[in-house]
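# Secondary and tertiary structure notes
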Amino acid sequence: AQSVTQPDIHITVSEGASLELRCNYSYGATPYLFWYVQSPGQGLQLLLKYFSGDTLVQGIKGFEAEFKRSQSSFNLRKPSVHWSDAAEYFCAVGAGGAAGNKLTFGGGTRVLVKP
Amino acid sequence: GAGVSQSPRYKVAKRGQDVALRCDPISGHVSLFWYQQALGQGPEFLTYFQNEAQLDKSGLPSDRFFAERPEGSVSTLKIQRTQQEDSAVYLCASSFTRDGNTIYFGEGSWLTVV
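Note that the structure is a prediction, hence the values are computed from the model and not measured.

Definitions and limits used
- Residues numbered from 1 in each chain as written.
- Chains lettered and ligands numbered in written order.
- Predicted model: local features only at pLDDT ≥ 70, side-chain atom pairs only at ≥ 80, totals over all residues.
- Heavy atoms only, no water.
- Helix = DSSP H or I, 4+ residues; strand = E, 2+ residues; numbered from the N terminus.
- Rg over C-alpha atoms; globule rule 2.2 N^0.38 Å.
- Buried < 20%, exposed > 50% of the residue type's maximum accessible area, 1.4 Å probe, protein only.
- Contact = heavy atoms within 4.5 Å.
- Areas by Shrake-Rupley, 256 points an atom, 1.4 Å probe, with all protein chains shown as cover.
- Polar contact = N/O pair within 3.5 Å; in protein donor to acceptor, adjacent residues only side chain to side chain.
- Buried area = accessible area lost by both parts, 1.4 Å probe.
- Salt bridge = Lys/Arg side-chain N within 4 Å of Asp/Glu carboxyl O.
- Nonpolar A, V, L, I, M, F, W, Y, C, P; charged D, E, K, R; others polar.
- Pairing = 2+ DSSP bridges.
- Axes fitted to C-alpha atoms, helices over the stretch in contact; angles between N-to-C directions.

Of regular secondary structure, chain A possesses zero helices and 12 strands. If you list the helices and strands of chain A from N to C, you get β-β-β-β-β-β-β-β-β-β-β-β. Taken over C-alpha atoms, the radius of gyration comes to 14 Å for chain A, in line with the 13 Å a tight globule of 115 residues would show. Dimensions along the principal axes, computed over C-alpha positions, put chain A at roughly 45 × 30 × 25 Å. Counting across all 115 residues of chain A, residues that qualify as buried make up 45%. Within chain A, contacts between residues at least 6 apart in sequence are counted, and of these 55% link residues at least 24 apart. Summed over its atoms, the accessible surface of chain A is roughly 5,200 Å², and 50% of this surface lies on carbon and sulfur atoms.

So, about the side chain of Ser 109 of chain B. Residue and element names in this part refer to chain B. Tracing the backbone through its elements, the reader meets Ser 109 in strand E11 (residues 109–113). Accessibility expressed as a relative area gives 1% for Ser 109, which makes it buried. At a separation of 2.6 Å, a polar atom in the side chain of Ser 109 contacts the main-chain carbonyl oxygen of Pro 8.

Attention now moves to the interface of chain A and chain B. If you look at the interface, chain A gives 22 residues, while chain B gives 23 residues. Overall, the association of chain A and chain B removes approximately 1,600 Å² of surface from exposure, summing both partners, and the carbon and sulfur fraction of that is 51%. Inspection of the region where chain A meets chain B yields one salt bridge. Taking the shortest distance from any N to any O, the salt bridge between Lys 102 of chain A and Asp 56 of chain B comes out at 3.2 Å. Remark: the boundary between chain A and chain B carries six residue pairs in polar contact (both at pLDDT 80 or more). Contributions of two or more residues to the side of chain A that touches chain B are made by strand E5 (32–38), strand E6 (44–50) and strand E11 (103–105) of chain A. Of the residues in the side of chain A that touches chain B, the class split is 10 nonpolar, 10 polar and two charged.

A separate point is the pairing of strand E9 (residues 88–95) of chain B. All names here are of chain B. Counting buried residues in E9 gives eight out of eight residues, a clear majority hidden from the surface. Two strands pair when backbone bridges link them, and E9 and E11 are joined in this way by three bridges, in the antiparallel orientation. In the sheet register, Val 89 faces E11, and the bridge partner there is Trp 110. Across two bridges, E9 lies against strand E10 (residues 104–105) in antiparallel orientation. Paired with Ala 93 across the two strands is Phe 105, which belongs to E10.

All names here are of chain B. The strand order E1-E3-E8-E7 describes an open sheet built from four strands, whose pairing is antiparallel. Looking at which strands have only one partner, the edges of the open sheet turn out to be strand E1 (5–7) and strand E7 (65–68). Adjacent strand axes in the sheet meet at a mean angle of 15 degrees, parallel and antiparallel pairs treated alike. Pairing between E7 and strand E8 (residues 75–79): four bridges, direction antiparallel. Bridging from a neighbouring strand, Phe 66 pairs with Lys 78 of E8.

Residue and element names in this part refer to chain A. As enumerated under the stated definition, the model contains 10 salt bridges over all chains in all. Between Glu 64 and Arg 77 there is a salt bridge, and its shortest N-O distance comes to 3.3 Å. On the criterion of sequence distance, the pair formed by Glu 64 in strand E8 (residues 64–68) and Arg 77 in strand E9 (residues 73–78) is long-range, its members being 13 residues apart. Accessibility expressed as a relative area gives 23% for Arg 77, which makes it partly exposed. Within this structure, Glu 64, Glu 66 and Arg 77 form a network of salt bridges that share partners.

Read these as geometric descriptors, not functional statements.
Here's what the structure looks like:
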């Protein structure tokens, strides 16, 4: 069965500083990997996704993530955070194909941004 | 509409009451998913439709939960005899393709059972 672990429940970062959110997954085949962001009271917005090809993927809002098969990781990074980046971030893995990409989510990392 | 629309956005139900949550996916989207998100946790898969066919309902927590999508567009998630542990946000998502390449989420229906 697939699973996702986000080791950090909370992260506090100063505005303008860099941010890295960790994600480790367990999946038997080549995974479909996603990062979503959720602001309070809102649904999930897709930041970026990895299916195949270049292991460094660019997303919206200046985010990027790197797929490392050997480490079963898909960490999210942003060079310089803005106050508006304060939100909860979810990593997810999907099977794709006939499963329709049923997603398994991690527990989330809440990001707080200090002025 | 422009996005996935869910209603009601907020629902307070008395324990034992039946509730129905509606999802209007993006027009033309083949795949539709329901997820349950408890407070402070990540979303958990409930069920998946491809057009009107319910291909996976492995995540439904009990036989009190029932979902349908009779015409392959709008979907309803019904919870019978609600219990306090059903309190959660219920997220609907849709995708244009069968493999769910890019999945769009609605803002969710917040259910509180008192």
